[in-house]
Amino acid sequence: MADMSEIAASEFRHSQRHIRLDTILRLRWLAVLGQLAAIFIVAQGLEFNVPIIPCITIIALSAALNLALQMAVNPMQRLEPVQAAALLALNIVELAGLLFFTGGLQNPFSFLFLAPVLISATALPARLTFGLGLLAVACASILVFFHLPLPWDTDDPLVLPPIYLVGVWLSIVLAIGVTSLYSFQVTEEARKLADALAATELVLTREQHLTQLDGLAAAAAHELGTPLATIFLISRELEKTVKDVSFAADLKTLREQTQRCRDILSKITQLSSTGAPFDRMKLSELIEEVVAPHRDFGVAIKVRIAVAATMEPVGSRNPAILYGVGNIVENAVDFAHTTVEVNAWWNNDTIEILISDDGPGIPPDLLNRIGEPYLSRRRSQDDSGGERRGLGLGVFIARTLLERTGAKVSFTNRMFPDHGAVVQIVWPRERFEAIETAEETIG
């Protein structure tokens, strides 16, 4: 079970970030149209003296580049992060050029320096976003000292004090830093959650495929049983009638091997009969099936099933429940010193499984965040007592799968002076006993 979560982590954790060229081009065309509209309104509507030729030249070069990219490259192509960052950097430089001819930081549109950096923060690696942020700050800093006058009424020119320009520069710098950092963290959390959920679906799909293989094995064993029985009977009758000793020996070998095939198929049928995806199983049988693979690792696993006045719950053999509970038991065995306890009880309304160990317990700084993707502390196999941070994807997958079956999962520590982690899994009895296929669970 741990191997599956590690495979899922390797497939989703290090996914690269790509932006489609079409997305960047749409943003650049929007900027071109917005800049043309702003110049037209200021020059014609407000009748301010705007250096139209330099501004139109910059906008025309930007539009020409957009056209060249659309004709030369498939717009649906996903750009490498460096290529996307280069186009966003060009946006910053083009904006700085326009602001140079229209008042520098006195121009209220100077806050558009934020846009390319925010786009990078939501879609590109942190190092590229940091570089774009530095470029935007550098351009804003240059515009404090070098720029043409702000287009304004020549009879009543606008003169802003230097302290105001410093405040504008500082607000741009802080806005770039704070909003970019916030956007990056929010996007990173969303990306982690999306990757972890995709890994969860992958694990459950694999579990379902394994369960389906049991049914296929049972069907194959059933179909092969009849011809093998026929071969066995014919070889046995021929063995009785044939007088040639060597030929009789060959027939005996054929009969013995046929019987061996029948025995193997019989075992497969027996195993599959308890593993079909729609079989029903008692709660105690479910716990025993989950615990059995972890009994030979030097940690004692004590299972206690409470005696209740009501009948023992019987539910479907759900791969999501088997994987989820099994993963939590496996984690308890990994962290336990000597003992893991699995306690279960039920009544007419509720079913509860309590899994506890005598290990170090869950660190206080992780207790409220346990179950989040990519968050764990696990002892290194190479270190006797050290700790290392790893991927908490297995616990996230287990919790997600169990909650999809209607369970409520909570993580606590044992009360002092005892030590160790405690995981409580509680189902409404009606939901647990409902027949539910793995496909319905996925949905």
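Residues numbered from 1 in each chain as written. Predicted model: local features only at pLDDT ≥ 70, side-chain atom pairs only at ≥ 80, totals over all residues. Heavy atoms only, no water.

Student: Talk me through the sheet that holds strand β7 (residues 350-357); I want residue IDs and the actual numbers.
Tutor: One open sheet holds the five strands; their spatial order is β4-β6-β7-β11-β10, and the pairing between them is mixed. Edge positions in the sheet fall to β4 (300-305) and β10 (408-413), since each has one partner strand and no second. Within the sheet, the average angular offset between the axes of one strand and its neighbour, ignoring direction, is 15 degrees. Sheet topology note: the β7/strand β11 (residues 421-428) ladder contains seven bridges and is antiparallel. Residue Glu 352 lies in a different strand from β11, and its bridge partner there is Val 426. (Pairing = 2+ DSSP bridges. Helix = DSSP H or I, 4+ residues; strand = E, 2+ residues; numbered from the N terminus. Axes fitted to C-alpha atoms, helices over the stretch in contact; angles between N-to-C directions.)

Student: Which residues make up the pattern of salt bridges, and what values go with them?
Tutor: Note that side chains of opposite charge can pair when their charged atoms are close. Evaluated as defined, the whole model comprises seven salt bridges. Here Arg 295 and Glu 288 are joined by a salt bridge, their closest N and O atoms 3.3 Å apart. One salt bridge in this structure joins Glu 403 and Arg 399, with 3.2 Å as the shortest N-O distance. With a gap of four residues between them, Glu 403 and Arg 399 both fall in helix α12 (residues 393-404), about one helical turn apart. Judged by relative accessible area, Glu 403 falls into the partly exposed class, the value being 40%. Within the structure, one salt-bridge network assembled from shared partners comprises Arg 304, Glu 341 and Arg 414. (Salt bridge = Lys/Arg side-chain N within 4 Å of Asp/Glu carboxyl O. Buried < 20%, exposed > 50% of the residue type's maximum accessible area, 1.4 Å probe, protein only.)

No statement about biological role is implied by the geometric values presented.
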